[in-house]
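Residue-level listing of the chains:
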Amino acid sequence: MTQQTILWIGPEKDIESSKTQATQWATHPDFKNQANFLFESIENFIEILKSNSDFLKTMDVLVLNADSSFAKNLCFTYFKEKVMSALILNTQSITYLDFRYLINSHCNIYFSNNSAEALHEALNLALFSNQVKKEDHEFRMRWLESKRNLENQNQNLELVVQKRTEHIDESHQEERLKLIKQRQLIKFMQDLATLTSLEEILLLISNEIKKFHFIGSPVLSIQSHPKQVKIYLFHHRQILQRDMELNFQDEVFNSTQGAEDLSHHLANLFGRPFGKMVHFQLKTQASKSFSMDHSEEILNAYLSFESQMDSDNLKEFNDFIADRTNLIGISIDRIFYETALVLFSYRWSQTFEGVRDQILIIDNQFNILKSNRRELSDSQRSSGKCYEVLFNLKAPCENCPQFSDFLNSKTQRIQLNSDNHFYQLYSYPIWGMSKLKPEKYVNYYSDVTIERKLYMNMVQTEKMSTLGLLAGNIAHELNNPLSGIRALTQIILSEKPEGVNFIEDLLEIEKAAARCQKIIKNLLDFSLLENQTVSQVNVSELVQTTLPLLKIAMRSHKVLQEYSQEPLLVSCESQLLQQVVFNLVNNALQAMKEAGTLSIHTYQNSETVFVEICDTGTGVPLESQDKLFQPFFTTKEVGVGTGLGLSFSRSVIERFGGSLYFQENIPKGSCFVIEMPRSQK
Amino acid sequence: MKVLIIDDEPLIRRSLLRAFKSKGYDVFEAENGFQGIDLWRKEKPDLVYLDILMPGMTGFMVLEKLGSARTGKVVLISAYSEEDKEKEGLADLFIKKPFEDIFQVVQQGEGLVKK
């Protein structure tokens, strides 16, 4: 603690008493060690000031007990200019002028009545000043401390802020990188989404990894079969696809063997050894539930790269690819699904188009939605009613399955008949939202015309052959009594009975019996089933023996016969030729609904024998003329004709080197002409 | 001369009967194979007209059954010429039915016996 310095200035004579007084005061416990006194006479004080102008500066309290105006002025001047903590004046020596003067000074001025009191006041001031100083010091100390604290805190805060700022900068950087990464990924994803083949994927990946040096071009391996891997790779900037056989039953690269196999295989392919390879498994799900065969299934998919990177860079590359494996896997899945779907759809449409029979998909208003046949024009395929397009009808077919109740059965089967064609229609309903009526139908039209005609023909043939057999038997049975009748008549005639008038009758009976026998003989010859040998046949005779078989059919018509005088010899099986003639005459007769004329004309030239069989019937319409000789073509009611007569006849005639053709008969009717080469004797 | 006619057709039998009777022969007729065999054994005919296709017993069966009891010349008559031809040898003559002229048939039979 510092002591206050109190300067007493007074007359020389008062120094001692003031000293005593001051000592007395200063020993008081309250003031102990608070101050030291300096006592100077006015004269000394002035002398000191003259030599040391700063003397007063070192004083804390000034007790001025001076009635010397010079000393007063000196002090006052000083006081006026310099701050001093206090000035104690002995009021007995103070004038009004002094007072006025001091009022304007900056100093604390106290007044006392006598010198002792002044000293006391000075000590009090010193004590106070010390206390103030002390408090001031403590305050200063506290202030300093808190200032230091604050400074520390501030420093800490600054550190924190700095750190935070650094951190924020860092995370900004990180975010930015992350964002770039995400953007790159999104771009990659967008690029992937547009690709339609594995080759394109490979190309994209290869562009994507360009920034990594020391990484080879990508190799894509798809394991679609436990023992087979399809490999897609770059070779001389082109993408190749290779199959690799596996000789073990496992996931490809889960065993080192697989990776070695792949590296080995690639080495063979590229003609150079392969270095270290990195493999990434792609998560794919394609197939399993979807595939139709193994080629559309993915068991495993891997992306591989040849790498000469050090491990630090490799990590970055690994992360880069790992980010993308999912996307690539999904894209591969998508491509596989798409390919499978396209294939599936293609196969389906090929099957649909390839079916020989007509298939229509129609809605429940009979509109064609889809048709499989190329014969229909595009407009017909996509519009129009089924009955219009297929059958040229104005209204749905009478027995159309759409009119029947589908609730009870899944498929309807009906027969349709149009323009000499018969269809078996299978109608499969496709149910939509409504359970009352199917929304669509798949209609399958199977053309059964030929089957039906063959069936009818079979029935007819069976009938004819039964009839032939029957006719043969009947003919034999008739032969016996006929022989008897004839023989007996001959006997009776030979006996030449007299006086009877039935000889003529008997002659007629004998003739009739003879005729009967001839007819039966013809019939038997005609119905003979076994093959005849080729022989020389007189065509005119053959025609004449055939006509009686059709006598009944001929009876309402006029028959004109004109035979060549000379024998018209041809080489053939007579039964077959007879059948042809029979067919042609029979056709001619059937063509004449009303009484008409049947003309038969046989003649020959140097090489050819001709038989013309003409009628005056309905003739053959122009559009049917070229179909006449086609099998199964018939103008007769179903079941009446087989449609085989003319085609059979033509084939018979052609077999023997001849021809059979149609001519129009003028003015009306048809003419069929047989031409056969003359037999060379 | 004894003539036996075995045929199921009455008109054939009748005409042959009449033709041979008019020539003064003894003529026997049988309308089936069984009667024919009886008469054949009993009368031992010189000439037999035998129809092949008869109900109950065919002409061939008659010949077979008769065996050594067969006498005289045998004329077989048949409508089914083709299939019977191979057995032609069993008879002395084979005549195809229907025949045109009864007198020719009679003459052919007579000729066999008189040879």
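Predicted model, so just to flag it, every value in this text is computed and none were measured. (Residues numbered from 1 in each chain as written. Chains lettered and ligands numbered in written order. Predicted model: local features only at pLDDT ≥ 70, side-chain atom pairs only at ≥ 80, totals over all residues. Heavy atoms only, no water.)

## Comments concerning the packing of helix 13 (residues 539-546) of chain A against helix 15 (residues 574-591) of chain A
When two helices pack together, their arrangement is given by the angle between their axes and by how far apart the axes lie.
All names here are of chain A.
Thinking step 1. Taken N-terminus to C-terminus, the directions of helix 13 and helix 15 make an angle of 60 degrees; their axes are 10 Å apart at the nearest point. With respect to each other, helix 13 and helix 15 are oriented oblique. The way helix 13 lies across helix 15 gives a crossing that is right-handed. Across from Val 539, Leu 542, Val 543, Thr 545 and Thr 546 in helix 13, the residues of helix 15 making contact are Ser 574, Leu 577, Gln 578, Val 581 and Phe 582.
Thinking step 2. A class-by-class count of the residues in the contact of helix 13 with helix 15 yields six nonpolar, four polar and no charged. (Axes fitted to C-alpha atoms, helices over the stretch in contact; angles between N-to-C directions. Helix = DSSP H or I, 4+ residues; strand = E, 2+ residues; numbered from the N terminus. Parallel < 35°, antiparallel > 145°, perpendicular 65-115°, else oblique. Left-handed = near helix turned anticlockwise from the far one by under 90°. Contact = heavy atoms within 4.5 Å. Nonpolar A, V, L, I, M, F, W, Y, C, P; charged D, E, K, R; others polar.)

## A word on the pattern of salt bridges
Thinking step 1. With the rule as written, the count across this model stands at 16 salt bridges over all chains.
Thinking step 2. Across the pair Lys 187 of chain A and Asp 191 of chain A runs a salt bridge, and its minimum N-O distance is 3.0 Å. Here the residue Lys 187 of chain A and the residue Asp 191 of chain A both occupy positions in helix 5 (residues 115-193), the gap between them amounting to four residues, near one helical turn.
Thinking step 3. You can call Asp 191 of chain A partly exposed: its relative accessible area is 23%.
Thinking step 4. Beyond isolated ion pairs, a larger network of salt bridges with shared partners links Arg 486 and Glu 510 of chain A together with Glu 100 of chain B. (Salt bridge = Lys/Arg side-chain N within 4 Å of Asp/Glu carboxyl O. Buried < 20%, exposed > 50% of the residue type's maximum accessible area, 1.4 Å probe, protein only.)

## Here's the deal with the environment of Arg 486 of chain A
Thinking step 1. Residue placement: Arg 486 of chain A occurs in helix 11 (residues 449-495).
Thinking step 2. As for Arg 486 of chain A and Ala 513 of chain A, which are separated by 27 residues in sequence, their C-alpha atoms are 5.7 Å apart.
Thinking step 3. Aside from chain neighbours lying at most four places away, what touches Arg 486 of chain A is Glu 510, Ala 513, Ala 514 and Gln 517 of chain A together with Phe 99 and Glu 100 of chain B.
Thinking step 4. In this structure the side chain of Arg 486 of chain A is engaged in a polar contact, spanning 2.8 Å, whose partner is the side chain of Gln 517 of chain A. (Polar contact = N/O pair within 3.5 Å; in protein donor to acceptor, adjacent residues only side chain to side chain.)

## Considerations on the sheet that holds strand 20 (residues 608-614) of chain A
Residue and element names in this part refer to chain A.
Thinking step 1. Read from one edge of the open sheet, five strands run 17-19-20-22-21, paired in mixed fashion. Two strands close off the open sheet at either side, each with one partner strand: strand 17 (558-562) and strand 21 (659-664). Within the sheet, the average angular offset between the axes of one strand and its neighbour, ignoring direction, is 15 degrees.
Thinking step 2. Sheet topology places strand 17 next to strand 19 (residues 597-604); five bridges connect them, and they run parallel. Within the sheet, the bridge partner assigned to Gln 561 lies in strand 19 and is Ile 600.
Thinking step 3. Where helix 17 (residues 645-655) meets the sheet, it contacts strand 21 and strand 22 (670-677), and its direction lies at approximately 130 degrees from that of strand 21. (Pairing = 2+ DSSP bridges.)

## Topic: empty space enclosed by the protein
All names here are of chain A.
Thinking step 1. One pass over the full model with this rule turns up one cavity of 30 Å³ or more.
Thinking step 2. What lines the largest cavity is Phe 366, Cys 386, Tyr 387, Phe 391, Pro 396, Cys 397, Cys 400, Pro 401, Leu 416, Leu 425, Asn 443 and Tyr 445.
Thinking step 3. Only helix 10 (386-391) and strand 15 (440-447) provide two or more residues apiece to the lining of the largest cavity.
Thinking step 4. For the lining of the largest cavity, the leading source of residues is helix 10, giving three residues.
Thinking step 5. Its residues assigned to classes, the lining of the largest cavity shows eleven nonpolar, one polar and no charged. (1 Å grid on protein atoms, 1.4 Å probe; cavity = no way out; pocket = protein on both sides within 12 Å on 5 of 7 lines; lining within 4 Å. Points joined across faces, edges and corners; volume = space filled by probe spheres on them.)

## What about the pairing of strand 21 of chain A?
Along any regular strand, the residues point their side chains to alternate faces of the sheet.
All names here are of chain A.
Thinking step 1. Here strand 21 runs beside strand 22; their pairing, made up of six bridges, is antiparallel. Note that in strand 22 the partner of Leu 660 across the bridge is Ile 674.
Thinking step 2. Count of turn residues in the strand 21/strand 22 antiparallel hairpin: five residues, of which Gly 669 carries a positive phi of about 105 degrees.

## Quick notes on the packing of aromatic side chains
All names here are of chain A.
Thinking step 1. Per the counting criterion, the structure on display carries 17 aromatic pairs over all chains.
Thinking step 2. Judged by centre distance (5.5 Å) and plane angle (50 degrees), the rings of Phe 391 and Tyr 423 are tilted. You can see Phe 391 sitting in helix 10 and its partner Tyr 423 sitting in strand 14 (residues 421-430), a full 32 residues away along the chain. In this structure, Phe 391 and Tyr 423 share a single accessibility class: buried.
Thinking step 3. Ring geometry for Tyr 603 versus Phe 610: centroids 4.8 Å apart, planes at 15 degrees, classification stacked. (Phe/Tyr/Trp six-rings, centres within 6.5 Å; stacked < 30°, edge-to-face > 60°.)

## Quick notes on the sheet that holds strand 2 (residues 26-30) of chain B
All names here are of chain B.
Thinking step 1. Strand order in the open sheet formed by five strands is 2-1-3-4-5, with parallel pairing between adjacent strands. Each edge of the open sheet carries a strand with a single partner, namely strand 2 and strand 5 (93-96). Going from strand to strand, the sheet's axes swing by 15 degrees on average, the running direction of each strand aside.
Thinking step 2. By the bridge criterion, four bridges tie strand 4 (residues 73-78) to strand 5 in an arrangement that is parallel. By the bridge assignment for strand 5, Leu 76 is matched with Phe 94.
Thinking step 3. Contacts from helix 1 (residues 10-21) reach strand 1 (2-6), strand 2 and strand 3 (47-51), with the element oriented near 170 degrees to strand 2.
Thinking step 4. Along the sheet face, helix 5 (residues 102-114) touches strand 3, strand 4 and strand 5 and points at about 135 degrees away from the line of strand 3.

## Section: the nonpolar core
All names here are of chain A.
Thinking step 1. By size, the foremost hydrophobic cluster in this structure holds 39 residues, and its most contacted members are Val 585, Leu 598, Ile 613 and Ile 674.
Thinking step 2. Mapped onto this core, the elements with two or more residues apiece are helix 13, strand 18 (569-572), helix 15, strand 19, strand 20, helix 17, strand 21 and strand 22.
Thinking step 3. At nine residues, helix 15 tops the list of elements feeding residues into this core.
Thinking step 4. The contacts of Leu 598, once residues within four sequence positions are left out, are Met 554, Lys 558, Val 559, Leu 560, Val 585, Ala 588, Leu 589, Met 592, Ile 613 and Cys 614.
Thinking step 5. Counting residues in hydrophobic clusters, the runner-up holds 33 residues, among them Val 278, Leu 327, Ile 328 and Phe 336. (Core = buried A, V, L, I, M, F, W, Y, C linked by side-chain atoms within 4.5 Å.)

## Considerations on helix 17 of chain A
Residue and element names in this part refer to chain A.
Thinking step 1. By the burial criterion, the buried members of helix 17 are Leu 646, Ser 647, Ser 649, Val 652 and Ile 653.
Thinking step 2. Summarising the contacts, the buried residues of helix 17 are in contact with helix 15, strand 21 and strand 22.
Thinking step 3. Following helix 17 by one or two positions, Gly 657 has its phi on the positive side, about 80 degrees.

## Looking at the interface of chain A and chain B
Thinking step 1. On the side of chain B, 18 residues touch chain A, which itself brings 16 residues to the contact.
Thinking step 2. Summed over both sides, the interface between chain A and chain B buries roughly 1,600 Å², with carbon and sulfur atoms accounting for 60% of that surface.
Thinking step 3. On the chain A side of the interface with chain B, the three residues burying the most area are Asn 480, Leu 488 and Ile 491 of chain A, jointly 32% of the side's total.
Thinking step 4. Two residues, Arg 486 of chain A and Glu 100 of chain B, come together in a salt bridge whose shortest N-O distance is 3.3 Å.
Thinking step 5. In this assembly, chain A and chain B are joined by four residue pairs in polar contact (both at pLDDT 80 or more).
Thinking step 6. For the side of chain A that touches chain B, the residue count by class is six nonpolar, eight polar and two charged. (Buried area = accessible area lost by both parts, 1.4 Å probe.)

## Observations regarding the state of the cysteines
All names here are of chain A.
Thinking step 1. By the definition in use, this model includes one disulfide over all chains.
Thinking step 2. With its sulfur 1.8 Å from that of its partner, Cys 614 forms a disulfide with Cys 671. Taking the torsion about the S-S bond as the criterion, the Cys 614 to Cys 671 disulfide, at about 55 degrees, is right-handed. Highlighted residues: Cys 614 in strand 20 and Cys 671 in strand 22, separated in sequence by 57 residues. Across this residue pair, the class does not change: Cys 614 and Cys 671 are buried. (Disulfide = S-S within 2.5 Å.)

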